[in-house]
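Reading the structure
Chain by chain, the residues run as shown.
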Amino acid sequence: ETGVTQTPRHLVMGMTNKKSLKCEQHLGHNAMYWYKQSAKKPLELMFVYSLEERVENNSVPSRFSPECPNSSHLFLHLHTLQPEDSALYLCASSQGMNTGELFFGEGSRLTVL
Amino acid sequence: AQTVTQSQPEMSVQEAETVTLSCTYDTSENNYYLFWYKQPPSRQMILVIRQEAYKQQNATENRFSVNFQKAAKSFSLKISDSQLGDTAMYFCARRSVNTGKLIFGQGTTLQVKP
């Protein structure tokens, strides 16, 4: 079992669909993150949760809605997305908020038609 | 702005040779962490090496080492004895101790040729 697991690995959705991305970490960490990775752009931090509370919302459009029901699970709910939202969405976790490295999942490749 | 810059979008190296990837950053903080991450094609991003800014000694992990120049705000990665499995995109990143934010550079795609 890998440390950070993301499902689905690939998702194709229309602009009117509602879908969710799921992330699960098995490392006992207390902070979880969503990043967006687009071609030829730096990774963009979207959301940060620490101890299940959202501590960062980096000016992300409301069509992205995160949820962290417990310290091991993180969701990203998607609705009425735009084609420019097509990207690789990476989940990560860390022990603590200020030091140490992040551990990443393999990502969910999202295509919006 | 607190930025991380990788000026080499693409690089290539022959197998068994040495290659250096560049990274510079901008910060007004004195204490922070620096990282190099590796993302192989269609695979998970993994940590290659980390450096605490308060440590003067350069970090080393097997064939990977860094040249950390704090005054110049430079953090380059040297890969010795390059292997085909080193082919990947490499990201430099800086984490603020104060805010916890991890900021990434644009990445350098490294191709190791046989």
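For every chain, the first residue of the written sequence is number 1, and numbering continues from 1 onward in sequence order. Ligands are numbered from 1 and chains lettered from A, in the order in which they are written. Per-residue local features are limited, in this predicted model, to residues with pLDDT of at least 70; the limit for side-chain atom pairs, both in listing and counting, is 80 or more; totals at the level of whole chains, interfaces and linings are taken over all residues. Computation of side-chain values: all heavy atoms of the structure, hydrogens and water removed.

1. Thoughts on the interface of chain B and chain A
Note on contacts: a residue pair qualifies if any of its non-hydrogen atoms lie within 4.5 Å across the two residues. Contact with chain B, which involves 21 residues of that partner, is made by 22 residues of chain A. Accessible area, probed at 1.4 Å, shrinks when two parts are joined; the buried area is that loss added up over both. Buried area between chain B and chain A, both sides added, is near 1700 Å², and the carbon and sulfur share of it is 50%. Of all residues in chain B, Q44, R95 and F104 of chain B bury the most surface against chain A, accounting for 32% of the area lost on that side. The rule for a salt bridge is simple: a side-chain nitrogen of Lys or Arg has to be within 4 Å of a carboxyl oxygen of Asp or Glu. Summed over the shared surface of chain B and chain A, the result is 1 salt bridge. Note that R50 of chain B and E101 of chain A form a salt bridge whose closest N and O atoms lie 2.8 Å from each other. Under the rule applied, a polar contact is a pair of N or O atoms within 3.5 Å (in protein, one hydrogen donor and one hydrogen acceptor; residues adjacent in sequence only if both atoms are side-chain atoms). Run the count over chain B and chain A and you get 7 residue pairs in polar contact (both at pLDDT 80 or more). Secondary structure elements follow DSSP: runs of H or I no shorter than four residues count as helices, runs of E no shorter than two count as strands, and numbering proceeds from the N terminus. Mapped onto the side of chain B that touches chain A, the elements with two or more residues apiece are β5 (32-39), β6 (46-52), β10 (88-96) and β11 (102-104) of chain B. Counting residues per element, the side of chain B that touches chain A draws most heavily on β5 of chain B, at 4 residues.

2. A short note on the pairing of strand β8 (residues 73-79) of chain A
All names here are of chain A. By the convention used here, strands pair only if DSSP detects at least 2 bridges between them. When strand β3 (residues 18-25) meets β8, the two strands line up antiparallel, connected through 7 bridges. Looking at the pairing, L21 lines up with L76 of β8. With 5 bridges connecting them, strand β7 (residues 64-70) and β8 associate as antiparallel partners. Across the sheet, F64 pairs through a bridge with L78, a residue of β8. Where β7 folds back onto β8 in an antiparallel hairpin, the turn is made up of 2 residues.

3. Quick word on the sheet that holds strand β1 (residues 4-7) of chain A
Residue and element names in this part refer to chain A. What the 4 strands build is an open sheet, ordered β1-β3-β8-β7; its pairing is antiparallel. Strands at the two margins of the open sheet, each flanked by one partner only, are β1 and β7. Averaged over neighbouring strand pairs, the angle between their axes works out to 20 degrees when direction is ignored. Relative to β3, β1 is paired through 4 bridges, and the arrangement is antiparallel. In the strand pairing of β3, V4 is matched with Q25. Fitting a line to C-alpha atoms yields each axis, with helices limited to the stretch in contact; the angle taken between N-to-C directions then spans 0 to 180 degrees.

4. Section: the state of the cysteines
Note on terminology: pairs of cysteine sulfur atoms within 2.5 Å are recorded as disulfides. Applying the stated rule across the entire model yields 2 disulfides over all chains. The disulfide partner of C23 of chain A is C91 of chain A, and the S-S distance across this bridge is 1.9 Å. Handedness of the C23 of chain A-C91 of chain A disulfide follows from its S-S torsion of about -75 degrees: it is left-handed. Separated by 68 residues along the polypeptide, C23 of chain A in strand β3 and C91 of chain A in strand β9 (residues 87-94) bring together distant segments of the chain. As far as the burial class goes, C23 of chain A and C91 of chain A line up, both buried. Here C23 of chain B is linked by a disulfide to C92 of chain B, with a sulfur-sulfur distance of 2.0 Å. Of note, the bridge from C23 of chain B to C92 of chain B carries an S-S torsion of about -70 degrees and is left-handed in sense. With C23 of chain B in the loop between β3 (19-21) and β4 (24-25) and C92 of chain B in strand β10, this pair connects stretches of sequence that are 69 residues apart. Grouping residues by exposure puts C23 of chain B and C92 of chain B together as buried. Among the cysteines around C68 of chain A, which has no disulfide bond, C91 of chain A carries the closest sulfur, lying 9.1 Å off. We call a residue buried when its accessible area falls under 20% of the maximum for its residue type, exposed when it is over 50%, and partly exposed in between, using a 1.4 Å probe and counting protein chains only. With relative accessibility at 11%, the residue C68 of chain A sits in the buried group.

5. As for the pairing of strand β8 (residues 64-69) of chain B
In regular strands, side chains alternate between the two faces of the sheet. All names here are of chain B. With 2 bridges connecting them, strand β7 (residues 60-61) and β8 associate as antiparallel partners. Note on β8: the bridge partner recorded for E61 is F64. Where β7 folds back on β8, the antiparallel hairpin that results is connected by 2 residues, among which N62 adopts a positive phi of roughly 55 degrees. With 6 bridges connecting them, β8 and strand β9 (residues 74-79) associate as antiparallel partners. Bridging from a neighbouring strand, F64 pairs with I79 of β9. With antiparallel pairing between neighbouring strands as the criterion, β8 and β9 make up a hairpin whose turn holds 4 residues, including K73 at a positive phi of roughly 55 degrees.

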